[in-house]
Amino acid sequence: MKRIEAVNDFVVKFANVNGSGSASANELFAKAILRMGVPVSPRNIFPSNIQGLPTWYEVRVSERGWLGRRGGIDMMVAMNPQTWDADVKEVEPGGYLFYDSTRPLPPSAFRDDLTVIGMPVTAICNATYEDARQRQLFKNIMVLGALSVLMEVDPQAIEKLFGEQYRGKERLLESNIRALHAGRSFAKDHLQAPIGLRVKRADAVGNRIFVDGNAAAALGCVYGGATVCAWYPITPSSSVAETFQKYCEKFRRDPATGESRYAIVQAEDEIASVGMITGAGWNGARAFTATSGPGVSLMTEFIGLAYFAEIPFVIIDVQRGGPSTGMPTRTQQADLVSTAYASHGDTKHPMLLPQDPAECFEFSATALDLAERLQTPVFVMTDLDIGMNQRLCDPFVWDDERRYDRGKVMTAEELEAGREFARYKDVDGDGIPWRTLPGTHPTLGSYFTRGTTRDPQARYSEAGADYVYNVQRLLKKFAFAATLVPQPQVRAASRKTRLGVLYFGSTSPAMDEALVALAQSGIHLDAMRLRAFPFPPSVAEFIEDHDQLFVVEQNRDAQMRTLLVNELEVDPAKLAPVLHYDGTPITARAIAQAITRRVHAFAVAPSKEKSR
Amino acid sequence: MTYIAKPKLHHPTLAKNGVGYTRRDYEGKVSTLCAGCGHDSISASIIQACWQLDIEPHKVAKLSGIGCSSKTPDYFLGASHGFNTVHGRMPSVLTGAYLANRELLYLERLGRRRPRPPSAWASSRTPCGAACAWSTSWRTTASTASPRASSRRPPTAAAKARRAR
């Protein structure tokens, strides 16, 4: 039997029972490898449940730095009898199966093309610990100890992590180290180590940081100057507001008086939370909420009001699987169409599409600027894969010289000097009118904000001409928005090609890897990573410049493709959808296979240059 | 007569309040509600109360929902910013506005039209045949010397009493 041999390049998947304390031990495994200078990208695949259902933790180890899901599993740490059959089946031929051998299993439970490693973890724990809780918790640490021997993970890196985790809790620290070494000695005495999958110290992490997208977005809101946050909890977005609160307690308290310089309200529902940020945005604060698809659905009436009345605020949508409650703890990019055109009547909204936590940070701050510049709701569209998983990314960058773009707010001095104020008049030619904030001037600049039609002076009007002027101006503003939002990034293929690919958001790391694999097999594609909606002219040009393009996304209905076809009036035949929507993050292999299949089906000769 | 612009002229001897405004400075546009509508009485009472309480008009923000009651902020305190929000969901907007700026005085106006059975129409005072359930309340910071956040009653009762004198 040929077994998989790989150093610093493999995928380990842990199959556990939710609520058994496995997540923190698995995270230690990932972080220890990271501390050895080898990039990892872990993904927590968890049920919408507190305890008892199956949960998985997939760790991609890649010295080359591939952070997307690869597809396929090289080693399964199968600790959940409930999912045993499917877990065993998932392992690549020549792979490894680690399991708890306390209870003997029939030979039919195994595969003969796998290296099977049994360790009687439960028996060892029961013999070592009296306490039932300890027996359960230390099982995970013993497994970690055994794996560190099998895969040559530096035990000192793990001990150091323990030390950081249990600083000041010496008893916990000591017992964890004991469990770790108990696991290690068993492996040394009874198992054949090392196996074919090994970790070797490297220097491939660089100055990158390891952080989850929700925390990054929360910090982006702090740096971006958000002072009001109103929210209602929903997976997978809740930790955005929770972390924002933590950061605010740290950074937004007046050092002299101890007074909070921020306001956070957990509202009674999503409708109230968007109502609150509407009021705050109208009254001059930078305000945001964080939610997921079902929350955006509830918010749509207010989103329409804010669009039409031109009120700035930011909504961070951490997308999950829909429709309805759908798959609350699984990832998708399936809110694009419903968000882009959210609300009744003719509405369109800017959406920013971050690829990783670094962009979650950057785009959240940018969204707050854009919302005020454009006087409209701006959405940051992340997803569970980026939001709730820690990801290696570039350190956050913030220029201390950067000033908030508060947009067109007329001051008391300007009004006093006789400057004309007409709330809904396009005076600058960009479709964006000037606004005043409540309380600005005793006699000048007040107006009545309404979602009903009005004339450029904000006076109630049902005249068709006034309505048309207004909605046409909003369209002009939206076109102008395309020039302000983060612009797409293009990566040219190493040779001239007629093929192109469009992708965005959390698909990025898998796409990076797929592009290299495709090029190796002779399929060369120019790649454009979309970073925002509306689409700037460069997107239409990119599509124009290629004969056939793929749009890679994580939803059933090819929603980004729909937006491209609809907004740019592209021939739909030109855009082939590449879709992944089973709730797991998209894999590099799936993208490469789908594109390869399509390229062959089109019968285009990929390596030949286009004759001109 | 709502198509006639309201004249800005007023009698030169019109009394000024403690912050230098006449009662006329607290008015808004001409009401477009039915003649005799109770909402207009409320608006008139708000005008009177704000004048008497020496509240600077531009230091008030008026928030309302959708419907007859909610149109009324256009008919009083013309120098204040107002926000006609969405149906039945105004309080959240006011909460957000208050979080953003605690220096202002917030006036919320909500209500609805509730159709009555035909037999009751005859006694209805308004031609639209609707009775209006309304509420007007204030929110302000504790430091402001005007109506307190805890007082959820409309100030109209006191104002009316004063006017009767």
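Residues numbered from 1 in each chain as written. Chains lettered and ligands numbered in written order. Predicted model: local features only at pLDDT ≥ 70, side-chain atom pairs only at ≥ 80, totals over all residues. Heavy atoms only, no water.

**Q** How would you sum up the packing of aromatic side chains? Please name residues and give values.
**A** Applying the stated criterion across every chain yields a total of 21 aromatic pairs over all chains. For the pair F361 of chain A and W398 of chain A, a centre-to-centre distance of 6.2 Å together with 75° between the ring planes defines the contact as edge-to-face. Highlighted residues: F361 of chain A in helix α12 (residues 357–374) and W398 of chain A in the loop between β16 (390–393) and α14 (412–416), separated in sequence by 37 residues. According to the relative accessible area criterion, F361 of chain A is buried, its value standing at 3%. Measuring from centroid to centroid gives 5.9 Å for Y98 of chain B and Y106 of chain B, while their planes differ by 85°, and the two rings are edge-to-face. Following the ring pairs from residue to residue traces out a cluster consisting of Y223, F361, F396 and W398 of chain A. The ring of Y424 of chain A has R454 of chain A lying over it, and the distance from NZ or CZ to the ring centre is 3.8 Å. Against the face of Y460 of chain A rests K71 of chain B, its NZ or CZ located 5.2 Å from the ring centre. (Phe/Tyr/Trp six-rings, centres within 6.5 Å; stacked < 30°, edge-to-face > 60°. Helix = DSSP H or I, 4+ residues; strand = E, 2+ residues; numbered from the N terminus. Buried < 20%, exposed > 50% of the residue type's maximum accessible area, 1.4 Å probe, protein only. Lys NZ or Arg CZ within 6 Å of the ring centre and 35° of its normal.)

**Q** Can you lay out the interface of chain A and chain B for me, pointing to particular residues and giving the numbers?
**A** Taken together, the 33 residues of chain A in the interface contact 32 residues of chain B. Regarding the contact of chain A and chain B, the summed buried area is about 2,600 Å², with carbon and sulfur atoms giving 66% of it. Run the count over chain A and chain B and you get two salt bridges. Here D74 of chain B ties to R450 of chain A by a salt bridge, and the two come within 2.9 Å at their closest N and O atoms. If you list the elements that add at least two residues to the side of chain A that touches chain B, you get β11 (263–266), α9 (270–282), α10 (293–309) and β17 (448–450) of chain A. Residues that form the side of chain A that touches chain B fall into these classes: 17 nonpolar, 12 polar and four charged. Bridge count between β17 of chain A and strand β2 (residues 81–84) of chain B: three bridges; the pairing is parallel. In the strand pairing of β2 of chain B, R450 of chain A is matched with N84 of chain B. (Contact = heavy atoms within 4.5 Å. Buried area = accessible area lost by both parts, 1.4 Å probe. Salt bridge = Lys/Arg side-chain N within 4 Å of Asp/Glu carboxyl O. Nonpolar A, V, L, I, M, F, W, Y, C, P; charged D, E, K, R; others polar. Pairing = 2+ DSSP bridges.)

**Q** Could you give an account of the sheet that holds strand β14 (residues 351–352) of chain A, naming the residues involved and the relevant values?
**A** Residues and elements named next belong to chain A. Taken in spatial order, the seven strands make up an open sheet running β11-β10-β12-β13-β15-β14-β21, and their pairing is mixed. A single partner strand is all that each edge strand has here, and the edge strands are β11 and β21 (532–533). As paired elements, strand β10 (residues 228–231) and strand β12 (residues 287–291) share two bridges and run parallel to each other. Bridge pairing links V228 to A287 in β12. Strands in contact with α12 are β12, β13 (313–319), β14 and β15 (377–383); relative to β15, the strand with the most contacts, it is inclined by about 165°. (Axes fitted to C-alpha atoms, helices over the stretch in contact; angles between N-to-C directions.)

**Q** Can you lay out the confidence of the model for chain B for me, pointing to particular residues and giving the numbers?
**A** Residues and elements named next belong to chain B. Within chain B, residue pLDDT values average 77, and 66% of them lie at 70 or more. This model gives residues 114–133 a pLDDT under 50, and the stretch forms 26 contacts once residues within four places in sequence are excluded. This model gives residues 141–155 a pLDDT under 50, and the stretch forms 23 contacts once residues within four places in sequence are excluded. Across the whole predicted complex the pTM is 0.92, and at the interface the ipTM reaches 0.91. (pLDDT = per-residue confidence, 0-100.)

**Q** Go over the environment of G71 of chain A with me, naming the residues and quoting the values.
**A** All names here are of chain A. Looking at where G71 falls in the secondary structure, it is placed in the loop between β4 (54–62) and β5 (73–78). Taking the C-alpha atoms as reference, G71 lies 7.3 Å from A590; in sequence the two are 519 residues apart. Those residues in contact with G71 that sit more than four places away from it in its chain are T587 and R589.

**Q** Give me the environment of K348 of chain A: which residues, what numbers.
**A** Residues and elements named next belong to chain A. Structurally, the position occupied by K348 is in the loop between α11 (336–340) and β14. Sequence-wise, K348 and P377 are 29 residues apart; in three dimensions their C-alpha atoms are separated by 9.6 Å. A distance of 3.1 Å separates a polar atom in the side chain of K348 from a polar atom in the side chain of E567. (Polar contact = N/O pair within 3.5 Å; in protein donor to acceptor, adjacent residues only side chain to side chain.)

**Q** Quick one: what's the story with the sheet that holds strand β23 (residues 575–579) of chain A, residue by residue and with numbers?
**A** All names here are of chain A. Spatial strand order, β18-β20-β19-β22-β23: five strands in an open sheet with mixed pairing. What marks the edges here is a single partner per strand, and that holds for β18 (489–491) and β23. The sheet shows a mean angle of 20° between the axes of neighbouring strands, direction not considered. With five bridges joining them, strand β19 (residues 499–504) and strand β20 (residues 526–530) adopt parallel strand pairing. Residue pairing across strands places V501 opposite A527, the latter belonging to β20.

**Q** An account of helix α7 (residues 213–223) of chain A is needed here, citing residue identities and associated values.
**A** Residues and elements named next belong to chain A. For α7, the buried fraction is high: 10 of the 11 residues fall into the buried class. Here α7 has its buried residues at G213, N214, A215, A216, A217, A218, L219, G220, C221 and V222. Looking at the buried side of α7, the elements it contacts are β9 (209–212), α8 (238–251), β12, β13, α12 and α13 (384–387). Taking the backbone nitrogen of N214 as reference, a side-chain oxygen 3.2 Å away marks D212 as the first, capping residue of α7. Just beyond α7, the residue with positive phi is G225, at close to 90°.

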